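Topology and contacts: notes
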Amino acid sequence: MHNSFYKSVFIITLFLAACSSKKTEETKVVAQTTEAHDPEVVEFTQTQYNSVGVQLGSVTNKNLTSYIKASGTIEVPPQQTISITSPYGGNIKTMNVIEGKFIGKGQVVASIENPEFVQIQQDYMESSSQLSFLKQDLIRQEELVKENIAARKSLQRAQSEYNTMAARVEGLKAKLRMININADRVRHGNFTPRANIYSPQGGYVTKVYANIGKFVSANEAVADLANTSNMLVRVRVFEKDIPHVSLGQAIRFRATGDSTERLATVFLIGKDIHEDRTVDVQARITTPSPKLLPGMFVNAIVELGASATPALPQEAVVQSGGKNYIFILEKDKKPSTDTTNAKEGTEDQTISFRRIEVSVGVTENGFTAVTVPEGFNMQSKIVIKGAYDLLSKMKNSEEEE
């Protein structure tokens, strides 16, 4: 009985040990499988490889236009931006503009009313009348002096009085011109308490400061005007890149909300470095558009000229998660180009491609400038056609897992 009992215990122990060993081996297999999986590698069978039409190539040097990325705003030159004012204060009686409206040169912007205007007109009319009288007296004194009837001193006094009054009349006439009141109408007795404010140039109204009934002081702005036909782009370039920027270089930019890329030419490079270590670069817009408005934010690139740059066909670079990648053929795993053998039983053969993150530059003539990681083998075979198919397969595999 004891022998039978020990025999049963021995058998159970062997069974448990076998199960434990099997489980350990299975765990090792799973662990090895997990360790062997590389999320940056995608595999194709020979048949899949042939059906996709993958083509391989390598990094080559291409003459591409290098550039500097920058950002900035649309601006109007100071000489093209004006504040419309009146030299005299008064109450606004009419306001003929609104923000965003285009007005031509000489158009009435507003009218103001001030009793002082009437006084200026009255003084001008009275002084003009006195000037006429003094002129006649001067002529009479000249005739009397010629006939030796009056002393030369009387002529000199008449000349002085006439000159003084003439100066006063010209001064009052200048005041009338400043408030845009016609002096000829005043001489005919047409007085007005109002004065118009005219636009000195054409442009778009960017700001209105006054409204009907408001009192504005002398030289207080009633509106701002900008001539948008000569707008410029002001971008900030990092100081390390400034040595590469020169006058006459082209800037390609795109304003916020504008799908069209536009051009500008550098005409001024700032001499002051901002706190963020950038320098202002200004460029004249060579392709103006009504869509461009002062203050718009722009993304721009400053073209530095063509140079030999490592590049790949544009189709070889794919994007995923905001990053740029290329695919390279894994070492010692060369795909067969023999489609006959592929059909005869090589479907089990796998071809591996590794995904490599790269930085990209300018894209031109179908090629994209790339910066590969340090230590990258420039002789690597790179997928130049079919990269998007590899990326799709990689994403599908990740979703299945």
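Let us look at the structure shown here. None of the values given here were measured: they were computed from a predicted structure.

**What about the overall build of the protein?**
- Along its length, the protein carries seven helices and 21 strands.
- Within the protein, the fraction of its 401 residues that count as buried is 35%.
- Summarising the internal contacts of the protein: among those between residues at least 6 apart in sequence, 76% fall at separations of at least 24.
- Of the accessible surface of the protein, which amounts to about 24,300 Å², a share of 51% is contributed by carbon and sulfur atoms.

**Section: the pattern of salt bridges**
- Overall, the coordinates contain 17 salt bridges when judged by the stated rule.
- Measuring nitrogen to oxygen at the nearest pair gives 3.9 Å for the salt bridge that ties K93 to E113. Linking K93 in strand β5 (residues 90-95) with E113 in strand β7 (residues 108-113), this pair joins segments that are 20 residues apart in sequence.
- With its nearest N and O atoms 3.4 Å apart, the salt bridge here joins R194 to E113.

**Focus: the pairing of strand β16 (residues 297-313)**
- In the sheet, strand β3 (residues 60-75) pairs with β16 via 14 bridges, with the strands oriented antiparallel. Bridge pairing in β16 links T60 to A311.
- Taken together, the five bridges between strand β13 (residues 250-255) and β16 define a ladder with antiparallel strand orientation. The residue of β16 that forms the bridge with F253 is A300.
- Where β16 meets strand β20 (residues 367-371), three bridges bridge the pair, whose relative direction is antiparallel. When the sheet's bridge partners are listed, A311 is paired in β20 with A369.

**Quick word on the nonpolar core**
- M95, L176, I179 and V222 are the most contacted members of the largest nonpolar core, which has 37 residues in total.
- Among the secondary structure elements, those contributing two or more residues to this core are β4 (81-85), β5, β7, α3 (115-146), α4 (152-178), α5 (183-187), β8 (194-198) and β11 (221-226).
- Sorting elements by how many residues they give to this core places α4 first, with eight residues.
- Setting aside its immediate chain neighbours within four residues, M95 contacts V109, A110, V208, A210, I212 and V222.
- V76, A255, L292 and V302 belong to the second largest nonpolar core, which has 25 residues in total.

**Focus on the sheet that holds β7**
- Pairing is antiparallel across the open sheet formed by four strands, whose spatial order is β8-β7-β5-β10. Among the strands making up the open sheet, the edge pair consists of β8 and β10 (215-216).
- Relative to β10, β5 runs antiparallel, the two sharing two bridges. Directly across from G90, in β10, lies its bridge partner V216.

**Overview of the sheet that holds β4**
- Strand order across the open sheet formed by four strands is β4-β11-β9-β6, with antiparallel pairing between neighbours. Each end of this open sheet is capped by a strand with a single partner; those strands are β4 and β6 (102-103).
- Note: β4 against β11, five bridges, orientation antiparallel. Bridge pairing in β11 places S83 opposite D224.

**With respect to the packing of α3 against α4**
- As a packed pair, α3 and α4 sit with axes 8 Å apart at the nearest point and diverge in direction by 155 degrees. Looking at the two axes, α3 sits roughly antiparallel to α4. Where α3 crosses over α4, the handedness of that crossing is left-handed.
- For the contact of α3 with α4, a count of residues per class yields 14 nonpolar, seven polar and nine charged.

Parameters at a glance
- Residues numbered from 1 in each chain as written.
- Predicted model: local features only at pLDDT ≥ 70, side-chain atom pairs only at ≥ 80, totals over all residues.
- Heavy atoms only, no water.
- Helix = DSSP H or I, 4+ residues; strand = E, 2+ residues; numbered from the N terminus.
- Buried < 20%, exposed > 50% of the residue type's maximum accessible area, 1.4 Å probe, protein only.
- Contact = heavy atoms within 4.5 Å.
- Areas by Shrake-Rupley, 256 points an atom, 1.4 Å probe, with all protein chains shown as cover.
- Salt bridge = Lys/Arg side-chain N within 4 Å of Asp/Glu carboxyl O.
- Pairing = 2+ DSSP bridges.
- Core = buried A, V, L, I, M, F, W, Y, C linked by side-chain atoms within 4.5 Å.
- Axes fitted to C-alpha atoms, helices over the stretch in contact; angles between N-to-C directions.
- Parallel < 35°, antiparallel > 145°, perpendicular 65-115°, else oblique.
- Left-handed = near helix turned anticlockwise from the far one by under 90°.
- Nonpolar A, V, L, I, M, F, W, Y, C, P; charged D, E, K, R; others polar.

That's the geometry; what it means functionally is another story.
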